[in-house]
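What follows is the residue order along each chain.
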Amino acid sequence: MIELRDLTKRYGGVTAVDRLTLTVRPGHVTGFLGPNGAGKSTTLRLVLGLHRPTAGTALVDGQPFAGRRRGLRYAGALLDAGDVHGGRSARAHLAALARSNGIPRARVGEVLDQVGLADVARCRIGGFSLGMRQRLGIAAALLGDPPVLLFDEPFNGLDPHGVRWVRGLFRRLAAEGRTVLVSSHLMSEMEQTADHLVVIGRGELLVDESLAAFTARGRDNGATSLEEAFMDLTADRVDYPTGGRS
Ligand SMILES: Nc1ncnc2c1ncn2[C@@H]1O[C@H](COP(=O)(O)OP(=O)(O)OP(=O)(O)O)[C@@H](O)[C@H]1O
């Protein structure tokens, strides 16, 4: 479970996250949506203790994640698939993470199999496509078999086979009772993957409800799709020209 209480992050004059209070529950895939610059990545980084909040708290299963030893056992995350040492092999990268988190080395082979990278395990990451890097990032998130998983734009760079695989993986992880929080701009993917939605705009919470309730409310207001309901909800929360309702 992830619990945010009045979570706030300011960078100089910019309030990236504004008094966010919400609970992300286990057993669901929670889609985390918002226009560009809404504060999604900042929120994920605050949860993982990579940034310090200006005010408020973020708890992972009842404790702050920052400073937690062997953190990958408690929460796994894919934040930036490009943020890896290109000179290492996939196996060496995962083995180093396993070592520093007290995870048995056998897990490395298991997660490489699970994400479909076993055949290229000894290849340098520098030669990997974006889709392969995404899979490696997902392998790293799964390494510690954690109860809480966070994914920032996990569908980026994946081909249709990869997208379908990720969709199924997230659903399985949630069905196993894990907390799965997925940020994405792809409404079609969220529609098929998430069963709960959190929407933020300019750092503030706009929606925290089931996908079914959100789409039903959108329909009542004349929206014909999740995308349209999202556009209507966030239209006054963007700082750039929008396409509006077609
Ligand atoms: N390290 C930083 N220093 C200064 N401002 C930052 C920093 N990180 C984020 N911001 C600002 O905070 C706001 C929220 O950014 P964030 O990246 O969290 O949004 P996002 O919802 O993930 O956006 P996107 O969908 O474009 O990835 C933006 O105005 C951004 O410019």
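Our structure's up above, just so we're on the same page.
Below: a short report on this structure. As the structure is a computational prediction, the values presented were derived from the model and not from experiment. Throughout this description, residue numbers start from 1 for each chain and increase along the sequence as written. In view of the model being predicted, local features appear only for residues whose pLDDT reaches at least 70, and side-chain atom pairs are presented and counted only at 80 or more, with totals across whole chains, interfaces and linings using the full set of residues. Side-chain metrics rest on all non-hydrogen atoms present in the structure, leaving aside hydrogens and water.

## A closer look at the packing of aromatic side chains
Aromatic rings from Phe, Tyr and Trp, with only the six-membered ring used for Trp, were paired whenever their centres fell within 6.5 Å, and each pair was classed as stacked if the ring planes differed by under 30 degrees, edge-to-face if by over 60, and tilted otherwise. Inspection of every chain in the model, using the stated rule, returns two aromatic pairs. Ring geometry for Phe 155 against Phe 170: centres 6.2 Å apart, planes inclined by 65°, an arrangement best described as edge-to-face. Of this pair, Phe 155 sits in the loop between β6 (148–152) and α5 (160–175) while Phe 170 sits in helix α5; the two residues are 15 residues apart in sequence, bridging distant segments of the chain. Burial classes: relative accessible area under 20% of the type maximum marks a residue as buried, over 50% as exposed, and values in between as partly exposed (1.4 Å probe, protein chains only). A relative accessible area of 0% means that Phe 170 is categorised as buried. Pairwise contacts between aromatic rings join Phe 151, Phe 155 and Phe 170 into one cluster. Charge-over-ring placement is defined geometrically: NZ (Lys) or CZ (Arg) within 6 Å of the ring centre, and within 35 degrees of the ring normal. Over the ring of Tyr 74 we find Arg 68, and its NZ or CZ is 3.8 Å from the ring centre. If you follow Arg 135 out to its NZ or CZ, it ends over the ring of Trp 165, 4.7 Å from the centre. Secondary structure elements are defined from DSSP: runs of H or I of at least 4 residues count as helices, runs of E of at least 2 residues count as strands, and each element is numbered from the N terminus.

## Observations regarding the site of the ligand
Nearness here has a simple test: a residue counts as near a molecule or strand if at least one of its heavy atoms is within 4 Å of that partner. Tyr 11, Val 14, Ala 16, Pro 35, Asn 36, Gly 37, Ala 38, Gly 39, Lys 40, Ser 41, Thr 42 and His 185 make up every residue found near the ligand. Here an oxygen atom of the ligand and a side-chain polar atom of Ser 41 are 2.8 Å apart. At 2.8 Å from an oxygen atom of the ligand is found a side-chain nitrogen or oxygen belonging to His 185. At the level of elements, β2 (14–24) and α1 (40–47) are the ones that each hand at least two residues to the shell around the ligand. Broken down by element, the residue count for the shell around the ligand peaks at three residues, all from α1. Under the convention adopted here, Pro, Cys and the residues Ala, Val, Leu, Ile, Met, Phe, Trp and Tyr are nonpolar, Asp, Glu, Lys and Arg are charged, and Gly plus all remaining residues are polar. Of the residues belonging to the shell around the ligand, the class tally is five nonpolar, six polar and one charged. Pairs of N or O atoms within 3.5 Å make up the polar contacts considered here, provided that, within protein, one atom can donate a hydrogen while the other can accept it, and that residues adjacent in sequence are counted only when both atoms are side-chain atoms.

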